[in-house]
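Structural overview
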Amino acid sequence: VQLVESGGGSVQPGGSLRLSCAASGFTFSTYIMRWYRQAPGKERELVADITGGGGRTNYADSVKGRFTISRDNTKNTVFLQMNSLKPEDTAVYYCAVRLNGRNYWGQGTQVTVSS
């Protein structure tokens, strides 16, 4: 299993970023995919998840209405569109999948929101 995130960077408050996570090594379309984030000194938190077919999504209250998770099963990729970014969104963002009772993580991508 391999998960590779990209798309992070630095942006001003109110800006947007789109994260991508390319997956391989498993049957992508049959698994829930998740985005987590971890800010300095804080625990890792679930940001959003999406079912295998993409028909159902869930979001943390802190990002509802600003972030959108989606997936392209033809490209084995999951996305996180982040709009109206706030300084408190600053964190390392990870995509993850749970297979056979074990969580697999990508290496993470840094998102920094600052003026």
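Structural data are supplied above this passage.
Values in this document were obtained by computation on a predicted structure and should not be read as measured data.

**Structural notes on the state of the cysteines**
- Applying the stated rule across the entire model yields one disulfide.
- With a sulfur-sulfur separation of 1.9 Å, Cys21 is cross-linked through a disulfide to Cys95. Handedness of the Cys21-Cys95 disulfide follows from its S-S torsion of about 45°: it is right-handed. Here Cys95 lies in strand 9 (residues 91–99) and Cys21 lies in strand 3 (residues 17–24), a separation of 74 residues in the sequence.
- For Cys21, a relative accessible area of 0% corresponds to the buried category.

**Overview of the nonpolar core**
- Counting 28 residues, the largest nonpolar core has Trp35, Val78, Leu80, Met82 and Tyr93 as its most contacted members.
- When contributions to this core are tallied by element, the ones reaching two or more residues are strand 3, strand 4 (33–38), strand 5 (45–50), strand 7 (67–72), strand 8 (77–82), strand 9 and strand 11 (109–113).
- Residues contacting Val78, with those up to four places away along its chain left out, are Leu19, Ser20, Cys21, Phe28, Met33, Trp35, Ile50, Ile69, Ser70, Arg71 and Cys95.

**Some details on the sheet that holds strand 3**
- Across the sheet, four strands lie side by side as 1-3-8-7; this open sheet has antiparallel pairing. If you trace the sheet from one side to the other, it starts and ends with strand 1 (2–6) and strand 7, each paired once. Strand-to-strand twist across the sheet, computed as the mean angle between neighbouring axes with direction ignored, equals 15°.
- Looking at chain direction, strand 7 and strand 8 are connected through six bridges and run antiparallel. Along strand 8, the bridge assignment pairs Ser70 with Phe79.

**Re the packing of aromatic side chains**
- Counted according to the given criterion, the structure contains four aromatic pairs.
- Measuring from ring centre to ring centre gives 4.8 Å for Tyr36 and Trp105, while their planes differ by 65°; the resulting arrangement is edge-to-face. Of this pair, Tyr36 sits in strand 4 while Trp105 sits in strand 10 (residues 102–105), and the two are 69 residues apart along the sequence.
- Residue class for Tyr36 comes out buried when judged on its relative accessible area of 17%.
- What makes Trp105 partly exposed here is its relative accessible area of 34%.
- On the basis of an interplanar angle of 85° and a centroid distance of 6.3 Å, the ring pair of Tyr94 and Trp105 is categorised as edge-to-face. With Tyr94 in strand 9 and Trp105 in strand 10, the pair connects residues that are 11 residues apart, well separated along the chain.
- Above the plane of the ring of Phe79 lies Arg18, whose end atom (NZ or CZ) is 4.0 Å from the centre.
- When the ring centre of Trp105 is taken as reference, the NZ or CZ atom of Arg44 above it lies at 4.4 Å.

**Observations concerning the pairing of strand 8**
- Within strand 8, five of the six residues are buried, which leaves it mostly tucked inside the rest of the structure.
- In this structure, strand 3 lies alongside strand 8, joined through six bridges in antiparallel fashion. By the bridge assignment, Ser20 is partnered in strand 8 with Phe79.
- Taken together, strand 7 and the strand that follows it, strand 8, pair antiparallel across an intervening segment of four residues, in which Asn76 is found at a positive phi of about 50°.

What counts and what doesn't
- Residues numbered from 1 in each chain as written.
- Predicted model: local features only at pLDDT ≥ 70, side-chain atom pairs only at ≥ 80, totals over all residues.
- Heavy atoms only, no water.
- Disulfide = S-S within 2.5 Å.
- Helix = DSSP H or I, 4+ residues; strand = E, 2+ residues; numbered from the N terminus.
- Buried < 20%, exposed > 50% of the residue type's maximum accessible area, 1.4 Å probe, protein only.
- Core = buried A, V, L, I, M, F, W, Y, C linked by side-chain atoms within 4.5 Å.
- Contact = heavy atoms within 4.5 Å.
- Pairing = 2+ DSSP bridges.
- Axes fitted to C-alpha atoms, helices over the stretch in contact; angles between N-to-C directions.
- Phe/Tyr/Trp six-rings, centres within 6.5 Å; stacked < 30°, edge-to-face > 60°.
- Lys NZ or Arg CZ within 6 Å of the ring centre and 35° of its normal.

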